[in-house]
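Each chain, letter by letter, is given below.
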Amino acid sequence: REATITITSGEATKYLKVIQHENYVLKLSFNHYEASNKGATFGISLKQNMEYSLQSESPWVHQVQTRATGTDSLYFAIEPNTTEQERSAIIVVKDTRSDRSDTLFIHQNETDVFRLVGESTYLVDYTQQTLTFDVEQNIDYSVSTDSKWIKQTTTRAISTDHLSFSIDENTSYSARSGQVLLES
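Our subject in this report is the structure included herewith. These numbers were taken from a predicted model, which means no experiment stands behind them.

Some points on the overall build of the protein
Here is step 1: Within the protein, the secondary structure is distributed over zero helices and 12 strands.
Here is step 2: By the burial criterion, 20% of the 184 residues in the protein qualify as buried.
Here is step 3: Long-range contacts, defined here as pairs at least 24 residues apart, represent 55% of the contacts in the protein between residues at least 6 apart.

This is how it looks when you write it as structure tokens:
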């Protein structure tokens, strides 16, 4: 049910809308899960007082325990992601007698990538020179050499970093804003 509270001060009027949910409960304890690319098993609480069903079209997420009554603990197993693409799944918990539902979003990173782009052996002549090659990676790595005559160089040349940010679901009824600060 809904009601409106009207607050008046002189010529100014403000309205506050109050929405009260019905006596039916269907609520997950959280709505977003970040899974390791190595796979995972996790549990989530479901507060409910109605019959429900689970709906998902993601074959790499499996429910591993059946439900009880009252507050249920649902458990899911997530298969390892062996691809080089991140992936997402949606699990909808739906009341079997109405349109009421709650949704769990699952995100899983791609497999660890660490590889040289191009050749793995370079034949260079006798002159001093710079050897440049690329590394594709999404993990931390270190560089070392077994010879004193090979030294890693650094440059102040312009490079491009690809930044990625995960934005959590806004479960409130209010708009929100945030900032990302880059400092040099």
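Here the narrative resumes, following the displayed structure.
Description of the side chain of asparagine 81
Here is step 1: Mapped onto the fold, asparagine 81 is located in the loop between β8 (71–78) and β9 (87–95).
Here is step 2: Overall, asparagine 81 belongs to the buried group, its relative accessible area being 2%.
Here is step 3: At 2.7 Å, the side chain of asparagine 81 and the side chain of threonine 83 are in polar contact.
Here is step 4: Looking at asparagine 81, its side chain comes within polar contact range of the main-chain oxygen of glutamine 85, at 2.9 Å.
Here is step 5: With residues near it in sequence (within four places) discarded, asparagine 81 still touches Asn37, Glu86, Arg87, Gln108, Asn109, Glu110 and Thr111.

A short note on the nonpolar core
Within soluble globular proteins, side chains that are nonpolar generally end up buried alongside one another.
Here is step 1: By size, the foremost hydrophobic cluster in this structure holds 20 residues, and its most contacted members are Tyr33, Val61, Ile78, Leu104 and Ile106.
Here is step 2: Mapped by element, the contributors of at least two residues to this core are β3 (26–28), β4 (32–35), β5 (40–48), β8, β9 and β10 (101–108).

Some points on a negative patch on the surface
Here is step 1: Taken together, Glu34, Glu86, Asp168 and Glu169 make up a surface patch of like negative charges.
Here is step 2: Residue position: glutamate 169 is located in the segment after β12 (134–137).

Considerations on the pattern of salt bridges
Here is step 1: Scanning the model with the defined rule gives six salt bridges in all.
Here is step 2: Taking the shortest distance from any N to any O, the salt bridge between glutamate 2 and lysine 17 comes out at 3.3 Å. Taken together, the residues glutamate 2 in strand β1 (residues 2–9) and lysine 17 in strand β2 (residues 12–19) connect sequence positions 15 residues apart.
Here is step 3: Judged by its relative accessible area of 55%, glutamate 2 falls in the exposed class.
Here is step 4: Taking relative accessible area as the criterion, lysine 17 reaches 53% and is therefore assigned exposed.
Here is step 5: For the salt bridge of arginine 115 with glutamate 136, the shortest nitrogen-to-oxygen distance reads 2.7 Å.

What counts, and at which threshold
Residues numbered from 1 in each chain as written. Predicted model: local features only at pLDDT ≥ 70, side-chain atom pairs only at ≥ 80, totals over all residues. Heavy atoms only, no water. Helix = DSSP H or I, 4+ residues; strand = E, 2+ residues; numbered from the N terminus. Buried < 20%, exposed > 50% of the residue type's maximum accessible area, 1.4 Å probe, protein only. Contact = heavy atoms within 4.5 Å. Polar contact = N/O pair within 3.5 Å; in protein donor to acceptor, adjacent residues only side chain to side chain. Core = buried A, V, L, I, M, F, W, Y, C linked by side-chain atoms within 4.5 Å. Patch = residues over 30% accessible without salt bridge, like charges linked within 9 Å, V, L, I, M, F, W, Y side chains within 5 Å. Areas by Shrake-Rupley, 256 points an atom, 1.4 Å probe, with all protein chains shown as cover. Salt bridge = Lys/Arg side-chain N within 4 Å of Asp/Glu carboxyl O. Lys, Arg positive; Asp, Glu negative; His and termini not counted. Charge placed at Lys NZ, Arg CZ, Asp CG, Glu CD.

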